[in-house]
Amino acid sequence: VQPRGIHLFGQPEGKSTATADTKEPTALSAVRSGRKKQMNTTRLTIKNDRFILDGSEFTILAGSIHYFRVHPELWSDRLARLRAMGLNAIQTYVPWNFHEPFPGRVDLASPSRHLFRFLRLAQAHGLLVVLRPGPYVCAELEFGGLPAWLLADGPVALRTYAQPYLGHVDRWWGVLLPALRAEGLLLDDGGPVMMLQIENEYGHFGDASRTAADRMYLEHLVELARRYLGGGLLLFTVDPDDDAKLARGTLSVGASKYGDQLLTAVDSCDVPGDAWAAQRPHNPIGRSPFFCAELWVGWFSHWGEPLRPHLASQDAATVAERIRLVLSVNKGTGSVSLYMAHGGTNFEWWAGANTADGMFSPTTTSYDYGAPLDESGRHGTDTAGGDKYVAVRAVLLARAAADTRSRGGGRLPSGITNAGGALATGNAGGEGSHPPGYGASPFPAGLGNARTPAPDLIPAEPPPPPPPRLNAV
């Protein structure tokens, strides 16, 4: 049953998009067919400041890849390469504006927006999923992932407990979250989604510790997640490893009725031990596993800047060492997510912008990010030619091997396969190599150009008139 005022589109009714490698039902049919049978076991829990998956200690070795920045025909390719690099999970945002470009018209089924197909492919490649549905996502994306039509009738209060913003959030999550459950995509239901983030770096914007409307907003998002996804899914927030921003951006123990129901995690993590120390006071005692939810391995570029800016911390050897230090926290039980593992491309006009010192700085079409898997799908390198993919893989595979020994076997989590993840062979992603059968061409013919349109356009309304042509200088 669709929430009132919502029209799902992008997939003709009755037409299947299942492929041989996924066999997933379409998003539209899943929403309309009702929930699948849910399980009662909570598989991912926290105990003694450690993640516990299926009864055993578990290290999250994740990396960010944004499906909306990768051509859908390349989703499987990129996921296979990330699995071969040693990841056991991926992390992705879900941009609201990308899926609801017009009020009440939600697209979860056209090719580049088929989120559920992407999640199923991740599972097929042996990858769990950390999902970040915002509603605000940042991500150097247009309006941080918020739909521009929110401002169609003039200024409104955003990212707080206020109407009409909250009503639009309720409508959007009222489609997205039930559909995730209906598809059986949650970990406890046999799917890959093991964690879900509430908002995004909220401490940069609001103050849940002092402003009632901001606290109520985060609490409302928790309530929506619990209403639609049940009580088993692990919820979390992410803010920089700074006590002031953490206090403003999360629902801390003692400050909120939900302070004991979600994990406060951190990003940046330049000094991992200090980052964990900043994280811990905001979580219940014994329920604060160290999770560096964004370990920045590179950076994005603005027009007018070098294409791939490299800070001192972004060379291959240093990135690998930073990962190792994060994983060594709390007696070697730290978890990490690389931002980005694979950056991709800002298609069409989806790139965002920043302002600083009065300057408007739009992000480039390329979102390579200096990631270990570069925009073209090849090994990312630093300015000295150091291979980031190889350096990162060495650390991740060493940690995975240590975890396997400590667990007494090489069993992957239930419901996760090793399909496409040549973790043990070392062939996929070797120096100068690609997984067997993978061509060197980074894009299908004709893609990858800054003027190339996204793979599917939504013919819901006529396009706006083109901007006036500037005279050549």
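Bear in mind that the values here come from a model prediction, so they are computed numbers and not experimental data.

Another point: helix H4 (residues 115-124). Across the ten residues that make up H4, a large majority, nine, are buried. Every buried residue belonging to H4 is among Leu115, Phe116, Arg117, Phe118, Leu119, Arg120, Leu121, Ala122 and Gln123, and all of these are buried. Once H4 ends, the next one or two residues include Gly126, with phi positive near 80°.

Axis separation between helix H8 (residues 272-279) and helix H9 (residues 316-332) bottoms out at 9 Å; the angle between their running directions is 55°. On the basis of their axis angle, the class for H8 and H9 is oblique. As H8 packs across H9, the resulting crossing turns out to be right-handed. Across from Pro272, Gly273 and Trp276 in H8, the residues of H9 making contact are Leu325, Val326, Val329 and Asn330. For the contact of H8 with H9, a count of residues per class yields five nonpolar, two polar and no charged.

This next bit is on the layout of surface pockets. Unfilled space is identified by rolling a water-sized probe across the atoms. In this structure, the second largest pocket encloses a volume near 480 Å³. When residues of the lining of the second largest pocket are traced back to their parent elements, those giving at least two are strand S12 (291-296) and strand S14 (353-356). The residue inventory of the lining of the second largest pocket, partitioned by class, reads 14 nonpolar, seven polar and four charged.

Bringing helix H2 (residues 75-84) into the picture now. Most of H2 sits out of view: ten of its ten residues are buried. Taken together, the buried positions of H2 are Trp75, Ser76, Asp77, Arg78, Leu79, Ala80, Arg81, Leu82, Arg83 and Ala84. At the exit of H2 stands Gly86, carrying a positive phi of roughly 115°.

Quick look at unusual backbone geometry now. In this model, Gln163 is joined to Pro164 through a cis peptide bond whose omega is 5°. Summarising the element assignment, Pro164 is placed in the loop between strand S8 (128-132) and helix H5 (165-182). Of note, the amide linkage connecting Tyr339 to Met340 takes the cis form, showing an omega dihedral of -5°. By the secondary structure assignment, Met340 is in strand S13 (residues 335-342). The phi dihedral of Asp54 is positive, around 55°, even though this residue is not glycine. Along the chain, Asp54 falls in the loop between strand S3 (50-53) and strand S4 (56-57). Its identity as a non-glycine residue notwithstanding, Glu140 has a phi of 55°, on the positive side.

The next subject is the side chain of Arg113. Residue placement: Arg113 occurs in the loop between strand S7 (105-107) and H4. From its side chain, Arg113 meets the backbone oxygen of Phe98 in a polar contact 2.6 Å long.

This paragraph deals with the environment of Asn48. In this structure, Asn48 sits in the loop between strand S2 (44-47) and S3. Residues Asn48 and Ser288 lie 240 residues apart in sequence; the distance between their C-alpha atoms is 7.9 Å. Contact partners of Asn48, with chain neighbours within four places excluded, come to Gly286 and Asn330.

Let us look at the pattern of salt bridges. Counted by the stated rule, this structure contains 14 salt bridges. Ionic pairing is found between Asp54 and Arg43, a salt bridge with its closest N-O pair at 2.8 Å. Within this pair, whereas Asp54 is found in the loop between S3 and S4, its partner Arg43 is found in the loop between helix H1 (27-33) and S2, the two being separated by eleven residues in sequence. For Asp54, a relative accessible area of 28% puts it in the partly exposed group. Exposure remark for Arg43: the relative accessible area of 11% places this residue in the buried category. Across the pair Arg324 and Glu321 runs a salt bridge whose closest N-O atoms are separated by 2.6 Å.

Cut-offs applied
Residues numbered from 1 in each chain as written. Predicted model: local features only at pLDDT ≥ 70, side-chain atom pairs only at ≥ 80, totals over all residues. Heavy atoms only, no water. Buried < 20%, exposed > 50% of the residue type's maximum accessible area, 1.4 Å probe, protein only. Helix = DSSP H or I, 4+ residues; strand = E, 2+ residues; numbered from the N terminus. Axes fitted to C-alpha atoms, helices over the stretch in contact; angles between N-to-C directions. Parallel < 35°, antiparallel > 145°, perpendicular 65-115°, else oblique. Left-handed = near helix turned anticlockwise from the far one by under 90°. Contact = heavy atoms within 4.5 Å. Nonpolar A, V, L, I, M, F, W, Y, C, P; charged D, E, K, R; others polar. 1 Å grid on protein atoms, 1.4 Å probe; cavity = no way out; pocket = protein on both sides within 12 Å on 5 of 7 lines; lining within 4 Å. Points joined across faces, edges and corners; volume = space filled by probe spheres on them. Polar contact = N/O pair within 3.5 Å; in protein donor to acceptor, adjacent residues only side chain to side chain. Salt bridge = Lys/Arg side-chain N within 4 Å of Asp/Glu carboxyl O.

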